[in-house]
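Per-entry structural report
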Amino acid sequence: MEHRPPDAVFDFANLPDAQLELATGALLIAQSDYPELDIAAYLQRLDAMADAIRQKVQGTALPEHHIAEMNRYLFEEQGFQGNSKDYYALGNNFLNVVLDRKRGLPITLSVVYIEVGRRAGLPIVGVNFPSHFLVKYKREHLDVFLDAFDNGKFMSEEALSAKLQETFGQPIALQPSMLTEATNREILSRILRNLMHAYTRLERHDAALQAAQRITWFLPDSTAALRQFGYMLYRNSAYSDAISVFERCLEFEENPVEIAAIERNIRVLRQLLARLN
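Keep in mind the model is a prediction, meaning the values are calculated, not measured.

Reading the values: rules and limits
Residues numbered from 1 in each chain as written. Predicted model: local features only at pLDDT ≥ 70, side-chain atom pairs only at ≥ 80, totals over all residues. Heavy atoms only, no water. Helix = DSSP H or I, 4+ residues; strand = E, 2+ residues; numbered from the N terminus. Pairing = 2+ DSSP bridges. Core = buried A, V, L, I, M, F, W, Y, C linked by side-chain atoms within 4.5 Å. Buried < 20%, exposed > 50% of the residue type's maximum accessible area, 1.4 Å probe, protein only. Contact = heavy atoms within 4.5 Å. 1 Å grid on protein atoms, 1.4 Å probe; cavity = no way out; pocket = protein on both sides within 12 Å on 5 of 7 lines; lining within 4 Å. Points joined across faces, edges and corners; volume = space filled by probe spheres on them. Nonpolar A, V, L, I, M, F, W, Y, C, P; charged D, E, K, R; others polar. Axes fitted to C-alpha atoms, helices over the stretch in contact; angles between N-to-C directions. Parallel < 35°, antiparallel > 145°, perpendicular 65-115°, else oblique. Left-handed = near helix turned anticlockwise from the far one by under 90°.

Attention shifts here to unusual backbone geometry. Despite not being glycine, serine 131 shows a phi value in the positive range, around 65°. Residue placement: serine 131 occurs in the loop between strand S3 (124-127) and strand S4 (134-137). Despite not being glycine, serine 237 shows a phi value in the positive range, around 65°. With respect to the secondary-structure elements, serine 237 resides in the loop between helix H10 (223-235) and helix H11 (239-250).

On to the pairing of S3, then. Relative to S4, S3 is paired through 4 bridges, and the arrangement is antiparallel. Along S4, the bridge assignment pairs isoleucine 124 with tyrosine 137. Here S3 folds back onto S4 in antiparallel fashion, the turn holding 6 residues, of which serine 131 has a positive phi close to 65°. Taken together, the 2 bridges between S3 and strand S7 (residues 181-182) define a ladder with antiparallel strand orientation. Looking at S7, one finds that glycine 126 is bridged to alanine 182.

Glancing now at the nonpolar core. Core analysis: the largest hydrophobic core is formed by 84 residues, its most contacted members being Leu74, Phe80, Val112, Tyr113, Val116 and Ile187. Among all residues touching leucine 74, those that are not within four sequence positions of it are Met49, Gly79, Phe80, Val112, Tyr113 and Val116. Core analysis: the second largest hydrophobic core is formed by 10 residues, Leu134, Met155, Leu160 and Leu179 among them.

Turning next to empty space enclosed by the protein. Enumeration over the complete set of coordinates arrives at 1 cavity of 30 Å³ or more. In this structure, the largest cavity spans a volume of roughly 40 Å³. Every residue lining the largest cavity is listed: Ile29, Ser32, Leu192, Leu195, Tyr199, Ala207, Gln210, Ala211 and Arg214. Residue assignment for the lining of the largest cavity shows that the elements contributing at least two residues are helix H8 (184-201) and helix H9 (205-218). Looking at the lining of the largest cavity element by element, the count peaks at 4 residues for H9. Of the residues contributing to the lining of the largest cavity, the split by class is 6 nonpolar, 2 polar and 1 charged.

As a packed pair, H11 and helix H12 (residues 256-276) sit with axes 9 Å apart at the nearest point and diverge in direction by 160°. Viewed along their axes, H11 and H12 adopt a mutual orientation that is roughly antiparallel. As H11 packs across H12, the resulting crossing turns out to be left-handed. Between H11 and H12, the contacting residues are Tyr239, Ser240, Ala242, Ile243, Phe246, Glu247, Cys249 and Leu250 on the first element and Ile259, Ile262, Glu263, Asn265, Ile266, Leu269, Arg270, Leu272, Leu273 and Leu276 on the second. In terms of residue class, the contact of H11 with H12 is built from 13 nonpolar, 2 polar and 3 charged.

Below is the structure:
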């Protein structure tokens, strides 16, 4: 089976990194559930929001002022907020729905924050913080971390450590790697990972499988993404396809323990196929 069917997301994922525009990618992902989605219209909406921010911050170079105006505009004037009451609702994962309803997850609200800020000329990027996506205002000497799910709240080192403990239920050391800038590929892959879990909860297994496959398009060298796709194929009883994906995973994996686990998966799948034949 060839795992590259005609798909606008596949074509987009294969663009050079410099052309991988975040909002466009998020809207292309959403088109699977909203086939009539007008991507250009939503991009224009982001442009208009950025124009409003640009007018508010012109004449000052102070990051504190930029952040205050971003937060005032997005969370007070526009009314965006984290959807804590219905956190696992499928629509929270789709940028078009978030822009319409002004409710979303940490990552989708962060995409709004990043894209409005970027269009307004502000140095705002995403941060792949464990289990809770954040945004970062890049400063020359000291970055500022913000939580778009909590009205752009400033996240001090103490607050970041507390968030880790809240997530994992025990003290976790804050590592510099947790605060690095996320690429657009990584952000879109994280949206897809959330969608994969959301579709699985809804027993939309074909959609979950498609999301897992799309992650491998954005992160083709990621053994974690390939293994996840292989497991999803196995759960969908596509044993031969799962073997092919795990064999591809072996081309990239260097950890002997992981290699042994993947080879074990392949043996089990071949035994299942033999029984079926």
